[in-house]
Amino acid sequence: MTADTPVILIFSGDRASAERCRALVGERFPRAEIGVATTQDEAAAWADRAEIAYGWGFPPELFARTRSLRWIQKMGAGVEDVIANPLVPHDVLITRTPGAAIAATMSDYVLASLLNAKLRTRLGFELQQARKWSEYAVEPLEGCTAGVAGLGEIGAVIAERVRAIGVEVVGWRRSRPSREYAPYRVFHGPEALADFLAPCDFIILVLPLTDETRGLINRRTLAGVRRGAHLVNVGRGGLVDETALIEAIQSGQLSGATLDVCETEPLPPEHLLWRTPNVTITPHVAGPLVPEKVVPHFIANLRRYAARQPLRGLVDRTHGY
Ligand code: GLV
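Residues numbered from 1 in each chain as written. Predicted model: local features only at pLDDT ≥ 70, side-chain atom pairs only at ≥ 80, totals over all residues. Heavy atoms only, no water.

A. Up close: the overall build of the protein. Looking only at helices and strands, one finds 10 helices and 12 strands in the protein. For 321 residues, the compact-globule estimate of 2.2 N^0.38 gives 20 Å, and the C-alpha radius of gyration of the protein, at 21 Å, lies within 12% of that figure. Taking the principal axes of its C-alpha atoms as reference, the protein extends roughly 65 × 45 × 35 Å. Expressed as a percentage of contacts within the protein between residues at least 6 apart in sequence, the contacts between residues at least 24 apart total 62%. When the accessible surface of the protein is split by element, carbon and sulfur atoms take 53% of a total near 15,700 Å². In the protein, which carries 36 positive and 36 negative side-chain charges, the distance between the mean positions of the two groups comes to 3 Å. (Helix = DSSP H or I, 4+ residues; strand = E, 2+ residues; numbered from the N terminus. Rg over C-alpha atoms; globule rule 2.2 N^0.38 Å. Contact = heavy atoms within 4.5 Å. Areas by Shrake-Rupley, 256 points an atom, 1.4 Å probe, with all protein chains shown as cover. Lys, Arg positive; Asp, Glu negative; His and termini not counted. Charge placed at Lys NZ, Arg CZ, Asp CG, Glu CD.)

Here it is as structure tokens:
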């Protein structure tokens, strides 16, 4: 390969999106050889030649055959799948897409979750389905506190947007913040988790899935939340012990949950979460990977790669994100 003619494999479960990405990359790198795959079988044709893999939802076995691979650029922000994959050699660079490319829509999703919970939109819809005119009380968001767990690029935008609709915000992050998040309070480290959770009417999870965050919301932590709190998860399903979540909702400890992510995706039809009251489930759609928004980052990184400059969004495997 020469620097401006890399072999790139673009992988996505969505063909239209993958083709659009190919077109956008091809416009800027006309000499690059770009393969598009939406299945493991299609990817196999490119696997041994691809030097760069760009995409989302890579089949894990794909990396058993990627002999020329030097760099994986995730189309999204989460990288836990490639970090945990033993088939990805340790010297392969992993980069993620900056949260700015997806934060706006994720914030909209979180705002809708808060509003729907307080305005009891589900109940209204159920009554409508039954053609029943039956008044019910809605509650204000004013006076509520929302805790944003994970104040990275996406979480910080969500926190600002939530604050802008008059909700008190507190934040939590893994490590001591390197910058000021005023005007809201930021807790850090596992020892501060209980203090962070205690005042929250809404708990918003925007964390990456790592060894430290897996199962963060469990029986013990849920016992310490404010009774009737609502959980919103736009991070990863593995952050939550789903059995404990269901129990907390059944007992009234939580009033409900809005889940864009689940431990197992797609969520199996027989899963109890589908039948748990006051749970809204969406199929991992809160942070859409719009080619026009995410590909420019890849193109900028491709230029750096070709110029042998350091890549942006490089993942620290020891931190897990
Ligand atoms: C979406 O889940 C992402 O990782 O960007």
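So, next bit.
B. Representation of the packing of helix H4 (residues 103–119) against helix H6 (residues 153–164). At a closest axis distance of 9 Å, the pairing of H4 and H6 adopts a crossing angle of 45°. On the basis of their axis angle, the class for H4 and H6 is oblique. For the element pair H4 and H6, the recorded crossing hand is right-handed. Contact with H4, carried on its side by Ala 103, Ala 104, Met 106, Ser 107, Asp 108, Val 110, Leu 111 and Leu 114, involves Glu 153, Ile 154, Val 157, Ile 158, Arg 161 and Val 162 of H6 and no other residues of that element. Of the residues assigned to the contact of H4 with H6, the class counts are 10 nonpolar, one polar and three charged. (Axes fitted to C-alpha atoms, helices over the stretch in contact; angles between N-to-C directions. Parallel < 35°, antiparallel > 145°, perpendicular 65-115°, else oblique. Left-handed = near helix turned anticlockwise from the far one by under 90°. Nonpolar A, V, L, I, M, F, W, Y, C, P; charged D, E, K, R; others polar.)

C. Seen up close, the nonpolar core. In this structure, Ile 8, Ile 10, Ile 158, Val 162, Ile 204 and Val 234 are the most contacted members of the largest nonpolar core, which totals 50 residues. Sequence-distant contacts of Ile 204, that is, excluding residues within four places in its chain, are made with Val 110, Leu 114, Ala 146, Gly 147, Val 148, Ala 149, Ile 158, Val 162 and Val 232. (Core = buried A, V, L, I, M, F, W, Y, C linked by side-chain atoms within 4.5 Å. Buried < 20%, exposed > 50% of the residue type's maximum accessible area, 1.4 Å probe, protein only.)

D. How the structure looks around the site of the ligand. With respect to spatial proximity, the complete set of residues near the ligand consists of Trp 56, Gly 76, Ala 77, Gly 78, Ile 102, Arg 236 and His 284. In this structure, Ala 77 approaches the ligand through a main-chain N or O atom, which is 2.6 Å from an oxygen atom. The contact in question runs from an oxygen atom of the ligand to an N or O atom on the side chain of His 284, over 2.6 Å. Bound to the protein, the ligand loses 90% of the 190 Å² it would expose on its own. Each residue belonging to the shell around the ligand can be placed in one class, and the counts come to three nonpolar, three polar and one charged. (Near = heavy atom within 4 Å. Polar contact = N/O pair within 3.5 Å; in protein donor to acceptor, adjacent residues only side chain to side chain.)

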